[in-house]
Amino acid sequence: MKPIIMGSMAAGSVRCYAAMLQAGKVIVDAEERRLPLRHSHHRYLVDGPNGVQKLTIALEGRTNAMPVPMCDVRISEHGNWRHLHWGALYSAYGKSPYFDYIADDLHSLIVDGHQQSLLEFNTQLQTLIIDFLDLPIEIETKPITTDLLATATDLRGKIGGKKPDTLPITDVPYYQVWATRHGFQPSLSILDLLMNTGRESIYTLKNMMK
C-alpha cells in the first residue's frame with residue numbers, strides 16, 4: 001500500500017483511522033494552508049446521553065479558511081473548552097468498558113495540557129490513541145513535496161470533512177454504550193471506538209476496509 005497524506009486532525013473519525021491502518025504509513029501535512037476549519041482539524045464527534053455532540057477546540061484568529069499554515073495555528077484558552085471537552089467525554093464514556101484505562105492520560109493531555117499550537121495538540125492526542133490501541137501505524141509530520149505526491153495517496157480534503165467521503169470504507173457496527181437509546185452512530189471520533197471496544201478496535205478497523 002502507498003502511504004497516505006492527511007491533514008492534522010483532532011481525534012479523527014473511525015473512518016480516518018481505518019484508512020490509516022490500511023495504509024500503515026501516514027504523512028501529516030504540517031504546512032497545510034487555507035484550512036477549511038469547520039470540521040476535523042479542530043472538531044470531533046462523540047455520542048453521549050443526549051445524542052451526538054460536536055466538540056470544538058478554541059483557536060486564535062478567524063477559522064474560516066485559516067490563512068496561516070497548520071503549524072502556525074494557535075490554540076486559545078477562551079471559553080474553558082478543555083474542561084468542557086472533559087466533561088462531555090466523561091458524560092459520554094464514563095461508564096464505557098475502557099474509559100478508566102485511558103482516563104488519566106486523556107485528562108492530563110486535554111485538561112492539564114499546555115499545548116500552544118493545534119498541530120501539537122492533535123499530534124499528542126493521535127499518538128496517545130495509536131499507542132493505547134497498539135495500532136501498527138507510522139506517522140510522520142512534514143511538508144508535502146512534489147516527489148512525495150507522486151508516491152503517496154493524497155487524502156487531504158477527501159476524508160474527515162463535513163461531507164461524506166466516497167472512499168471504499170464500510171461503516172461496520174460495533175458496541176456503543178448509548179446504542180440502546182440512539183441506535184448505532186457511524187463516523188464518530190476514534191475515541192468512541194476506543195472507549196467501547198479497547199484494543200479490539202483493530203478488528204473493526206480492518207473489517208471496514210474489506
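One can find the structure itself at the top, above this paragraph.
Basis of the calculations
- Residues numbered from 1 in each chain as written.
- Predicted model: local features only at pLDDT ≥ 70, side-chain atom pairs only at ≥ 80, totals over all residues.
- Heavy atoms only, no water.
- Helix = DSSP H or I, 4+ residues; strand = E, 2+ residues; numbered from the N terminus.
- Expected span 1.5 Å × (residues − 1).
- Buried < 20%, exposed > 50% of the residue type's maximum accessible area, 1.4 Å probe, protein only.
- Arc of directions from axis to C-beta.
- Phe/Tyr/Trp six-rings, centres within 6.5 Å; stacked < 30°, edge-to-face > 60°.
- Pairing = 2+ DSSP bridges.
- Right-handed = clockwise from strand over helix to strand, strands pointing away.
- Axes fitted to C-alpha atoms, helices over the stretch in contact; angles between N-to-C directions.
- Parallel < 35°, antiparallel > 145°, perpendicular 65-115°, else oblique.
- Left-handed = near helix turned anticlockwise from the far one by under 90°.
- Contact = heavy atoms within 4.5 Å.

*Asks:* Help me understand helix α2 (residues 81–93), please; the structure alone is not making it clear to me.
*Replies:* For an α-helix, 3.6 residues make a turn, and residues three or four places apart therefore share a direction. For α2, with 13 residues, the first-to-last C-alpha span of 18 Å sits near the 18 Å given by 1.5 Å per residue. Among all positions of α2, only Trp81, Arg82, His85, Trp86, Ala88, Leu89, Ala92 and Tyr93 are buried. For α2, the buried positions fall inside an angular range of 165° around the axis, keeping them on one side. Of the exposed residues in α2, those oriented more than 90 degrees away from the buried face are Leu84 and Tyr90.

*Asks:* Please clarify how the packing of aromatic side chains should be interpreted in this entry.
*Replies:* Here the distance between the centres and the angle between the planes together describe a pair of aromatic rings. Counting across every chain of the model gives 5 aromatic pairs. Judged by centre distance (5.6 Å) and plane angle (80°), the rings of Trp81 and Phe121 are edge-to-face. Taken as a pair, Trp81 in helix α2 and Phe121 in helix α4 (residues 118–133) lie far apart in primary sequence, 40 residues in all. Here Trp81 matches Phe121 in class, with each residue buried. With 5.6 Å between their ring centres and 75° between their planes, Tyr90 and Phe99 make a pair best called edge-to-face. For Phe99, a relative accessible area of 3% gives the class buried. Among the aromatic side chains, those forming a connected cluster through ring pairs are Trp86, Tyr90 and Phe99.

*Asks:* Can you walk me through the pairing of strand β2 (residues 25–29) in this structure?
*Replies:* On a regular strand, one side chain projects to one face of the sheet and the next to the other, so that they alternate. With respect to burial, β2 is a largely interior element, 4 of its 5 residues being buried. Here strand β1 (residues 4–6) pairs with β2 via 3 bridges, running parallel. Counted as the bridge partner of Ile4 is Val26 from β2. In the classification by handedness, the crossover that spans β1, the intervening helix α1 (residues 14–23) and the parallel β2 is right-handed. Note that β2 and strand β7 (residues 138–142) share 5 bridges and pair parallel.

*Asks:* In this structure, what is going on with the packing of α4 against helix α7 (residues 190–197)? I would like to understand it.
*Replies:* Two packed helices can be described by the angle between their axes and the distance between those axes. With their axes 11 Å apart at the nearest point, α4 and α7 run at an angle of 30° to one another. By the angle class used here, α4 and α7 are roughly parallel. The way α4 lies across α7 gives a crossing that is left-handed. Contacts between α4 and α7 involve Ile129, Phe132 and Leu133 from the first element and Ile190, Leu191 and Leu194 from the second.

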